[in-house]
Amino acid sequence: MTTKSLTMPQLFPRPKSSTGIWSWIGTVDHKRIGTLYGIVSFIWFIVGGIEALLIRTQLASAENDLIDPETFNQLFTMHGTTMVFLVIMPLSAAFFNWLIPLQIGARDVAFPRLNALSFWIFLFGSLIINASWITGNAPNGGWFGYAPNSGTTFNPGMGMTYWVVGLNVLGVASIAAGLNFIVTILNMRAPGMGMFKIPIFTWMTLITSVLIVLAMPVLAVAGIQLMSDRVYGTHFFNSLGGGDPVMWQHIFWLFGHPEVYILILPAMGIVSEVLPTFARKPLFGYPFVVFAGAAIAFMGWFVWSHHMFTVGLGPAANTAFSISTMLIAVPTGVKIFNWLGTLWGGNIRLNTPMLFSISFIAMFTIGGLSGVMHASPPTDAQQQDTYFVVAHFHYVLVGGALLGIFSGIYFWWPKFTGYFLNEKLGIANWALMMIGFNLQFAPMHWLGMDGMPRRIYTYADNMGWESSNLAASIGGFILALGILVFMINVFYSKMNKVMAGNDPWDGRTLEWATTSPPPVHDFDEIPQVKYRDDFWFQKYPETIAEYHHDDHDQAVPSGAQFDDGDDVQEALPVVSGSSDGHGDGHSAIHLPDMSYYPFILSLGVAGLGAGFLTNNTVIAVGAVVLVWGLIGWAMEPVNDPE
Amino acid sequence: MANLWQKLTQHDGNGWWNLPHGPSNELNPPFEGPIGGAWFGNLWRTLTHGNVSHAGVGFYWLVGFVLAIITLVEVWLFTVEGLGAWFIPLLLFLSLAKFVGVVAYFMHLRFDNRMFTYFFASAMIIGILIFSILLVLMKHASQPVLF
Amino acid sequence: MTQAAATEHHEPVENTSTGLNSRKLMMWAFLASDVMFFGVFIATYLVYRGKSLVGPYPSEILDIPLTSVSTFVLLMSSLAMVLALHYVKAGEKNKGTLWILLVVVLGAIFMGFQFYEFREFAHEGLTPRTNIFGTTFFILTGIHGAHVTIGVIWMAFLAYGSHVGSLRSDNSLDLEIAGLYWHFVDIVWIVIFTVIYLISFSDGPPAGVGPTILH
């Protein structure tokens, strides 16, 4: 490339060591980046959980004055923002990073440095949002930041500015990651792995990535508009200047509803991997699950106004969005029935991952059904801004996304680390989470039906809401105890290692074909793929006839010309985009070298963001660092010449 | 001309909806012209001396010329009185022509792999749909009961 | 026709599952993302069109002849871009460098026009804070201008690369990808020119709401 004659003095020597802090800062290894995503987002998970516990403590009794209203506003805003943008999205990203190259038989993602950049920008974005706590002026306008309440007129403090700047920085990280995974999944598949042979988690990642790439720019624009309103005094959402606060709601939910599916689809993918493994059956109706996911992703764009039924869009608009909202329940229902069909007649083992996944189906169905209730505008008018809505989306996001993620953690922990998480502690973790979760959020249904509004810092003692609220608060602490047991489990299992081996669960997909934990280069030899769930059929070739009736060649794949009817693809000799991975041993495997430039570039982006919060000098410094990072990045060869 | 639509929308009889499987069976039409069909492609090759799958210099100049003419027509339309309700649709149509011209020929989408078209078109379709709905909703925002 | 004939005219096939270059695929995905990005800004402009409560209104301030020229300049830069790519691919180094430089120059001229226009508008009393037209106009065209600026800098680097010989026909993909970005910025401007300048030109005060209603 351009570096061949354009050489530039290296401002930093490349990191070479594979241990120590600099090796983590310079890493481009998808597994390490996945670990970083996991650790950082789990820390934010604890922060967001503490915020939730403070909220629940305040609401445990009537007319409680533990927390003043302003702090309460900050707590629920930061709880929502943290859990959506700093926990569930990056925890999913941790799984994308760890698993996608392993599942498609690649040695890394398509753009390893861009991958590192995504993580670092995410880290700095999350720090920017949470830095607002230090200034004592955290965002307080709700996680959706409705105008005009988020404008300077009603919200003169810096809190919401931190919020928009932080979200915009996070958006850059998400889009970069989304682009990376789209290209990785399309371009880096192992030879023979057609699009309908990739594991279902990979499919859901692809769909989620497409949604991220198309939806995050919408949030970015909303953020830029709100930021320019706040910082430069423009009129986007200021009705005195001709703007319209309803536009904020439209733009935010144009992003916000696809975002809901960005949060839930990865968990659906995880569950779709766990259920077949522990039922020892292939996923029931794989194409249906794929197309249902794609249908959800497409229809998810056309339902946003169901968040705005009480705004007064008019009967025609409300009817249209009511219908589209009810329709989107159909592909979701398809998935639920496919999961049930997977379990049906299976040889089920109830290990911890399976318990979480089965709970996912039940809890997500409850959350989904209460969502269908909101699809009817007259019903929604009664439920809008009550605790019923809180109950609904916590059933979807905690009972759905989070349980799915925990299922994935228990499922793939042996692959990530080489040893199991303790099963007994795992079951205790699951039981405490399920009890706490239901105790916390089920009473919110009837609290909401009884008219208790969201986002109030306290309530009168004659409303009859005390016992339910107390139960919810106790449930919250039991749920937190479950998370605590999980953390104990992580440490306990690290101290008392029970080694897992390469394939502890009798898995079906390619990540179980390599060692646990995988080597830096993932696979000694790039696998050749013949079937969906190829690893299973390599282990049990006698089952090929059962599932591939039309396939008469029952030999283990030879890597030559394949004749699997539905998706013919010729074997390619090499898969990895940046390496020449011919199977002549490790010496021929070229992995991308480590680089500091993603870190430097992300510092520049963070500086630009911080500049909007402080002054123009910081913007200038950020821009200089950004340009330095960009030039260094462009000039640095992916691999040093040897 | 009866099958002009087919030529416009299909790559050499290879349906647009077939995703490429791999490099070996990827069929980009080497003798297809700018709007499809071998006869047209050969004509262009003669006219432009270009390699057809990468249209030649003359072809690019021609597209650039057409785009410039369309821009001139737009500015001219702007000075014409009495177009009334036709004004905006006409302008939108001409802009669409320019848009398609740049995307199809300058950005090479007409001759390139269909995957790129899917990427771009899916964003355009979703964008146009949701922003049209948004415009309709906001247009009636002040008198919702009438709508 | 045979496979051999089909591949004869083609670039070297990439060693990826789809046979497509990863960077090019990512650029197209990024452009899809940018479609949504500009889509929201343009939709915002259209929603707020004609809703300004105080002047200056578009009819009082837009200068169509001036913007037509700058539109033409940007369009021609796109033409220069494809020609540059053609010559770089053909290995004609000097012509390639020249055409890339022309892209840079035309892009810079466009930026100059925009800078001049912004200054003129500010002199005539239209800033992002004046009214909703100012808000939507400046932010939309400003963001587009930022895209053009990035493109000009990128092209300048490539022109230098072509001059010193590090951009050649075998890695012309670097230029092709930059070109995709450049053309995209051009088509966004095609849309902006139509919706802001040509269609909105006659926009005055909103019906029923005279400028006198405020203050």
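Residues numbered from 1 in each chain as written. Chains lettered and ligands numbered in written order. Predicted model: local features only at pLDDT ≥ 70, side-chain atom pairs only at ≥ 80, totals over all residues. Heavy atoms only, no water.

K.L.:
Teacher, can you tell me more about the pattern of salt bridges here?
P.N.:
For side chains of opposite charge, pairing can occur when their charged atoms come near one another. Under the criterion given, the structure shown has 14 salt bridges over all chains. One network of salt bridges, with partners in common, ties together Arg280, Asp503, Asp506 and Lys539 of chain A. (Salt bridge = Lys/Arg side-chain N within 4 Å of Asp/Glu carboxyl O.)

K.L.:
Would you mind showing me how to read the side chain of Asp229 of chain A here?
P.N.:
Residues and elements named next belong to chain A. Secondary-structure assignment places Asp229 in helix α6 (residues 200–232). Buried Asp229, no salt bridge; nearest opposite-charge side chain is Arg230, N-O distance 9.1 Å. A polar side-chain atom of Asp229 sits 3.0 Å from the main-chain amide nitrogen of Phe236. Residue contacts for Asp229: discarding those within four places in its chain leaves Thr234, His235, Phe236, Phe237 and Asn238. (Helix = DSSP H or I, 4+ residues; strand = E, 2+ residues; numbered from the N terminus. Buried < 20%, exposed > 50% of the residue type's maximum accessible area, 1.4 Å probe, protein only. Lys, Arg positive; Asp, Glu negative; His and termini not counted. Polar contact = N/O pair within 3.5 Å; in protein donor to acceptor, adjacent residues only side chain to side chain. Contact = heavy atoms within 4.5 Å.)

K.L.:
Explain the nonpolar core to me, please; I cannot follow it from the model alone.
P.N.:
Nonpolar side chains tend to gather and get buried jointly when the protein is soluble and globular. Ranked by internal contacts, the top residues of the largest apolar core, which has 303 residues, are Phe85 and Phe360 of chain A, Phe120 of chain B together with Met155 and Leu175 of chain C. Among the domains, domain 1 (28–112) and domain 2 (114–147) of chain B are the pair contributing at least three residues each to this core. Beyond its immediate sequence surroundings of up to four residues, Met155 of chain C is in contact with Met81, Ile100, Val103, Val104, Leu175, Ala178, Gly179 and Trp182 of chain C. (Core = buried A, V, L, I, M, F, W, Y, C linked by side-chain atoms within 4.5 Å. Domains from an automatic or database assignment.)

K.L.:
What's the story with the confidence of the model for chain C in this structure? I'm lost.
P.N.:
Predicted coordinates in regions of low pLDDT should not be interpreted in detail. All names here are of chain C. Residues of chain C with pLDDT of at least 70 account for 89%, and the chain-wide mean is 87. Counting interchain partners and residues more than four positions distant, the pLDDT-below-50 stretch residues 1–11 has 18 contacts. This prediction of the complex comes with two scores: 0.89 for pTM and 0.90 for ipTM. (pLDDT = per-residue confidence, 0-100.)

K.L.:
I'm lost on the packing of helix α4 (residues 112–134) of chain A against helix α17 (residues 597–613) of chain A in this one. Help?
P.N.:
Packed helix pairs are characterised by how far apart their axes lie and by the angle those axes make with each other. Residue and element names in this part refer to chain A. Packing of α4 against α17 brings their axes to within 8 Å, and their N-to-C directions diverge by 30 degrees. As judged from the angle between their axes, α4 and α17 are roughly parallel. Every pair of crossing elements has a handedness; the one defined by α4 and α17 is right-handed. Between α4 and α17, the contacting residues are Arg113, Ala116, Leu117, Trp120, Ile121, Phe124 and Ile128 on the first element and Pro598, Phe599, Leu601, Ser602, Leu603, Val605, Ala606, Ala610 and Leu613 on the second. A per-class count over the contact of α4 with α17 returns 14 nonpolar, one polar and one charged. (Axes fitted to C-alpha atoms, helices over the stretch in contact; angles between N-to-C directions. Parallel < 35°, antiparallel > 145°, perpendicular 65-115°, else oblique. Left-handed = near helix turned anticlockwise from the far one by under 90°. Nonpolar A, V, L, I, M, F, W, Y, C, P; charged D, E, K, R; others polar.)

K.L.:
Looking at this structure, how should I read the packing of aromatic side chains?
P.N.:
Working definition: an aromatic ring pair is given by the centre-to-centre distance plus the angle between the planes. All names here are of chain A. Scanning the entire structure with this criterion turns up 72 aromatic pairs over all chains. Ring centres of Tyr37 and Phe122 lie 5.5 Å apart, and the angle between their planes is 25 degrees; this geometry places the pair in the stacked category. Placement of Tyr37 in helix α2 (residues 30–59) and of Phe122 in helix α4 is noted, with a sequence separation of 85 residues between them. Of the two residues examined, Tyr37 and Phe122, each falls in the buried class. Aromatic rings pair up to connect Phe95, Phe96, Trp98, Phe181, Phe201, Phe278, Phe411, Trp412, Phe416, Phe420, Trp505 and Trp512 into one cluster. The ring centre of Trp24 lies 4.2 Å from the NZ or CZ of Arg32, which sits over that ring. Positioned above the aromatic ring of Tyr286 is the side chain of Arg532, whose terminal nitrogen or guanidinium carbon lies 3.7 Å from the ring centre. (Phe/Tyr/Trp six-rings, centres within 6.5 Å; stacked < 30°, edge-to-face > 60°. Lys NZ or Arg CZ within 6 Å of the ring centre and 35° of its normal.)

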